[in-house]
Amino acid sequence: MSQEVMIKLVDIDKSYGEVQVLKGVNLEVMRGQTISIIGPSGSGKSTLLRCINKLEAINSGYIEIEGITVASANCPDHPMASAAQVKSALGKTGMVFQSFNLFPHMTVMQNLIEAPVHVKKIPKAQAIEIAKEKLAEVGLSDKADAYPSKLSGGQKQRVAIARALAMSPDVILFDEPTSALDPELIGEVLDVIKGLAEQHMTMMVVTHEMGFAKEVSDRVIFMDNCNIVADRPPQEFFSDPDHPRIKAFLDKMLTKHG
Amino acid sequence: MAAGFWDYIVESMPSILEGLVYSVKLFFLVGIITLPLSMLVAVAAARGPKWFKGIYKVYSWLFQGSPLMLQLYLAYYGLPFFDVILPVDFVVITVFVLCFTAYQSEIFRGGIISTDIGQYEACQVLGMTKVQTMLRVVIPQTVRKVLPSTCSQAIVLFKDTSLVATIGVGDLLRSARALVIRDLRIDAFVVVLVIYLIISSILVAIFNKMEKKYSIYV
């Protein structure tokens, strides 16, 4: 696998008013890697993800996507790229949310072609072809004309993944993609993500699914207290948790999930 | 001997119809201007700059907090004191639009701010512009939510067209009142009652149909 840096975060600080959420976070994501981000709630996992595609503004540090500085604060040496460059770099990131955020007034097909047609300006016929392909990939070819309200949570999330894929992203950010799902529906969504990992899609997945983190990811990142505490291959991470806080967290997760 | 009810109605119909035409015209004109204007005002009030929100608050307070009839009086009888002489139809339509936009924009604003923040985030990560987000995602979802209240407003608007009678404009109710006073019989009131009820029912039917159409995805 190539060692091309896809996403780079340098000295990221983020706070909401008085509350510090990220403190001096550094991270590099290589192309083709699947990274699981785990840790106790409130440790800044989701915020880290949301800073990358600018859903949240950072207070300090800078973020690069494929070498383009998309966010920069208090870093005169690394100024933001031009608006057009930032837009194009952000266009290479897709995101999947915990609460799906499908457009309820559009059918599945309309959800999938909305951005390709109106943002990327792809001809509609071509966008439909791409959408069909992506729906097949997530196993929902028969739901193209359904409205999201008629789908199960697992199906909604698979549609949301297909919607992200339809924009041909270079990296997909998953923000707790299975946390809103009934336990029996989690598997179908994880299987889709696993399929993408096998195709070497670059992915960052904030998750509470330890099995998934262990099996699918190339790296496991453990966050606690606003920073990355561990960043290791999954086998090492789970077999030899070298940090008392990681141990405590894993014990709790494993007892909870049997 | 006075003519029978039906003969009388047929005989007085032309003047009642004349009033009805005025009321319906006013209703449509005000409606056609108010709906898009309210949506623009609502978007600006929900997502626009702070100074606009300030103006909006005062405007909303002024026009929702005072009777439409008083607003008509002030505009119609008040403006000439400042040597502003405007065609009466213009004054009527402007006052109605200002008043009903105050209500309708509040309804639309409620629909817009109740849209889940996740919808905006989904649009943002897909690269949609703010205008696209509004036009293609937020407003279409708002329409369904605001249909019931908008239906009520439409009925109120049609009934309130009768207020123009107080400044001497010949609407449906004024035509009827003229007949009642001239002939000393109330048949005309019964007829306009039926007309108001029929039109309200038509409005309700139209909105029900729209609601059905828009609830397909709920």
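Residues numbered from 1 in each chain as written. Chains lettered and ligands numbered in written order. Predicted model: local features only at pLDDT ≥ 70, side-chain atom pairs only at ≥ 80, totals over all residues. Heavy atoms only, no water.

Novice: What is the right way to read the overall build of chain B from this model?
Specialist: Each helix and strand counted, chain B has eight helices and zero strands in total. Each principal axis of the C-alpha atoms in chain B carries an extent, and together these give about 80 × 50 × 25 Å. Classification of the 218 residues of chain B by burial places 43% in the buried group. Look at the contacts in chain B between residues 6 or more apart in sequence, and 79% of them connect residues 24 or more apart. Taken as two groups, the 18 positive and 13 negative side-chain charges of chain B have centres that lie 13 Å from each other. (Helix = DSSP H or I, 4+ residues; strand = E, 2+ residues; numbered from the N terminus. Buried < 20%, exposed > 50% of the residue type's maximum accessible area, 1.4 Å probe, protein only. Contact = heavy atoms within 4.5 Å. Lys, Arg positive; Asp, Glu negative; His and termini not counted. Charge placed at Lys NZ, Arg CZ, Asp CG, Glu CD.)

Novice: Any chance you could explain a nonpolar patch on the surface here in plain terms?
Specialist: Residues and elements named next belong to chain B. Taken together, the side chains of Phe 5, Trp 6, Ile 186, Phe 189, Val 190, Val 194, Ile 198, Ile 202, Ile 206 and Met 210 make up a nonpolar region of the molecular surface, amounting to roughly 910 Å² of accessible area. Only α1 (5-47) and α8 (187-214) provide two or more residues apiece to the nonpolar patch. Positionally, Ile 198 belongs in helix α8. (Patch = residues over 30% accessible without salt bridge, like charges linked within 9 Å, V, L, I, M, F, W, Y side chains within 5 Å. Areas by Shrake-Rupley, 256 points an atom, 1.4 Å probe, with all protein chains shown as cover. Salt bridge = Lys/Arg side-chain N within 4 Å of Asp/Glu carboxyl O.)

Novice: Just checking my understanding: could you explain the packing of helix α6 (residues 130-160) of chain B against α8 of chain B for this structure?
Specialist: Residue and element names in this part refer to chain B. Packing of α6 against α8 leaves a shortest axis separation of 10 Å and a crossing angle of 170 degrees. One finds that α6 runs roughly antiparallel with respect to α8. Here α6 contributes Val 143, Arg 144, Leu 147, Pro 148, Thr 150, Cys 151, Ala 154, Ile 155, Phe 158 and Lys 159 to the contact with α8, which in turn contributes Tyr 196, Ile 199, Ser 200, Leu 203, Val 204, Phe 207, Met 210, Glu 211 and Tyr 214. The class makeup of the residues in the contact of α6 with α8 is 14 nonpolar, two polar and three charged. (Axes fitted to C-alpha atoms, helices over the stretch in contact; angles between N-to-C directions. Parallel < 35°, antiparallel > 145°, perpendicular 65-115°, else oblique. Nonpolar A, V, L, I, M, F, W, Y, C, P; charged D, E, K, R; others polar.)

Novice: Help me understand the interface of chain B and chain A in this model?
Specialist: Interface size is commonly expressed as the accessible surface area that is lost when the partners come together. Of the residues lining the interface, 19 residues belong to chain B; the matching set on chain A comes to 23 residues. A per-residue breakdown of the area chain B buries against chain A is headed by Val 125, Leu 126 and Tyr 217 of chain B, which together make up 34% of the total. Counting every contact that joins chain B to chain A gives two salt bridges. Linking Glu 121 of chain B and Arg 50 of chain A is a salt bridge whose minimum nitrogen-to-oxygen distance equals 2.6 Å. Summed over the shared surface of chain B and chain A, the result is nine residue pairs in polar contact (both at pLDDT 80 or more). Among the elements of the structure, α5 (117-125) and α6 of chain B are those that each provide at least two residues to the side of chain B that touches chain A. Counting residues per element, the side of chain B that touches chain A draws most heavily on α5 of chain B, which supplies seven residues. (Buried area = accessible area lost by both parts, 1.4 Å probe. Polar contact = N/O pair within 3.5 Å; in protein donor to acceptor, adjacent residues only side chain to side chain.)

Novice: Explain the sheet that holds strand β10 (residues 227-232) of chain A here, please?
Specialist: Residue and element names in this part refer to chain A. Taken in spatial order, the six strands make up an open sheet running β6-β7-β8-β3-β9-β10, and their pairing is mixed. What marks the edges here is a single partner per strand, and that holds for β6 (93-96) and β10. This sheet shows a mean twist of 20 degrees between the axes of neighbouring strands, independent of strand direction. In this sheet, strand β8 (residues 202-206) lies alongside strand β7 (residues 171-175) in parallel orientation, the contact comprising five bridges. Bridge pairing in β8 places Asp 175 opposite Val 206. The strands that helix α1 (residues 45-52) touches are β3 (34-38), β6, β7, β8 and β9 (219-224); relative to β7, the one it contacts most, it runs at about 145 degrees. (Pairing = 2+ DSSP bridges.)

Novice: Can you walk me through the layout of surface pockets in this structure?
Specialist: Taking a probe equal in size to a water molecule and rolling it over the atoms shows the remaining empty space. In this structure, the largest pocket spans a volume of roughly 930 Å³. Gln 124, Val 125, Gly 127, Met 128 and Thr 129 of chain B are the residues nearest the centre of the largest pocket, which is lined by 37 residues in total. When residues of the lining of the largest pocket are traced back to their parent elements, those giving at least two are α2 (83-90), β6 and α5 (153-165) of chain A together with α1, α5 and α6 of chain B. Per-element tally for the lining of the largest pocket: the top contributor is α5 of chain B, with five residues. For the lining of the largest pocket, a count of residues per class yields 19 nonpolar, nine polar and nine charged. By volume, the second largest pocket is sized at about 550 Å³. Lining the second largest pocket are 24 residues, and of these Phe 27, Leu 35, Thr 150, Ala 154 and Phe 207 of chain B sit closest to its centre. (1 Å grid on protein atoms, 1.4 Å probe; cavity = no way out; pocket = protein on both sides within 12 Å on 5 of 7 lines; lining within 4 Å. Points joined across faces, edges and corners; volume = space filled by probe spheres on them.)

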